[in-house]
Amino acid sequence: MSPAPRVGSLAQWAAGLGLVALAWGVIAVTPGDDFADQPFVTQARIDEPAEGRNLRITVLDARRADHVSDERGWSADGTWVLVSFEAEALSSEKDSTLSRALLRIGDRAYTVSDRPSVGADARTHLAVGVPKLLTAAFEILDEDADAQATLELGFAKYDARLDSEIRLALDLAELDVDDTAEIPDGRWAE
Amino acid sequence: MSAPRPSWLRRNAAALGALAVLLPTATFVIGAQEWVTAEGYLPFAAIEVPAGDTTDYAGTTYGPATVRHATPADELDVPAGAMGLVLEFDIAPGDEAQLCSVTLREAEGEQREWLATGNRAPCTSDATGPYEGSLAFVVPEDAGPFTADVEVSRLESAPTMFPPFIRFLLD
């Protein structure tokens, strides 16, 4: 056996390091396990209809309130975010309940509050071709009152994989703050 | 000297031929299995019933079915741009108790489908004589013409795979 020739060893080192860097790059760009079955996201904007599978949402308004009430006499203080929107199904009323209504702030995911009366709950059955006017009411922590939030709307209650999801970015600090606000019952849109 | 060795393709002709058969077969069998698991238990074959007609299914007579516009007496909450419809159909039960679900469906185009408003069950399992089922729907004004699809369930005599359903054609 003869020692490796001096010539070429530099090139070998370079090739080796290059391959290590390439491997690092491959690892860096490899998507996570849940990449292949993540939801199909539609980014919504205020007053513009956003469509997903069997779902059309038009967010009309988002505001904050320190005191809320519903049409049946319930009321509560707190830090509330109210998002009103029109929603309809497009093709089928089977499984067309808007079960997923989340407000994500950082690592927290707030669901629609269960405290108001059932009639005011935005997680309701959507009709095909006949929009409803709904209000999603989220009760959030005081420290989240000025945060960047993302509203998520869809049919999947637990498993949102591979289904449509309507998302809306909200800067809570920019929302109007009402002293008191009413959460209207869900109803047909005008 | 032996004859020149045949080419690789020739030597492996049998195996390649088998692959050409087995790969498509495996694809088909696995695909069919997945399809049956996903679709095989959903209502599959329509028993089409012309307007005004009846059909017998597992001893029970269904039909005729008619659809009409809702009147104020139906007390339906219908917004502007939509219309209220009332589906009425006769059922003459046989020996076996039957439950059913009804979907109002567009016969053409997008074939959008609606479920009845309210919680009224269209079929009852404790009727002893013929009765009339009635369901109300709220649909957009541009919808139609319709069929009414009736899925009969909880039947001991019904097949679990590829269950048939009754499709009333409506005027």
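Each chain has its residues counted from 1, running along the sequence as written. In the order they appear in the text, chains get letters beginning with A and ligands get numbers beginning with 1. Local features are withheld for residues below a pLDDT of 70 in this predicted model, meaning they are given only at 70 or higher, and side-chain atom pairs are given and counted only at 80 or more; totals for whole chains, interfaces and linings count all residues.

With that out of the way, let us pick up the confidence of the model for chain B. With 96% of its residues at a pLDDT of at least 70, chain B reaches an overall mean of 89. Across the interfaces of the predicted complex, the ipTM metric reaches 0.81, alongside a pTM of 0.84. What pLDDT reports is the predictor's confidence in each residue, on a scale of 0 through 100.

Bringing the sheet that holds strand 1 (residues 40-43) of chain A into the picture now. Residues and elements named next belong to chain A. At least two DSSP bridges between two strands are needed for those strands to be called paired. Secondary structure elements follow DSSP: runs of H or I of four or more residues count as helices, runs of E of two or more count as strands, with numbering from the N terminus. In space, the five strands of this open sheet follow the order 1-9-8-5-6, with mixed pairing throughout. In this open sheet, the two edge strands, each paired with only one partner strand, are strand 1 and strand 6 (108-111). For this sheet, the mean inter-axis angle between neighbouring strands, taken without regard to orientation, is 30 degrees. Note that strand 8 (residues 148-154) and strand 9 (residues 164-171) share six bridges and pair antiparallel. Its bridge partner being in strand 9, Ala149 is matched across the sheet by Leu170. Between N-to-C directions, angles span 0 to 180 degrees; the directions come from axes that are lines fitted to C-alpha atoms, helices contributing only their stretch in contact.

Start and end points for every domain follow an automatic or database-based domain assignment. As far as domains go, chain B holds domain 1 (8-39) and domain 2 (46-169). Here domain 1 of chain B and domain 2 of chain B have C-alpha centroids that lie 44 Å from each other.

Let us now look at the interface of chain B and chain A. Any residue pair is listed as a contact if its two C-beta atoms, each placed from the backbone, are within 7 Å. In this assembly, 11 residues from chain B lie in contact with nine residues from chain A. Secondary-structure elements contributing two or more residues to the side of chain B that touches chain A are strand 6 (113-115) and strand 7 (131-140) of chain B.

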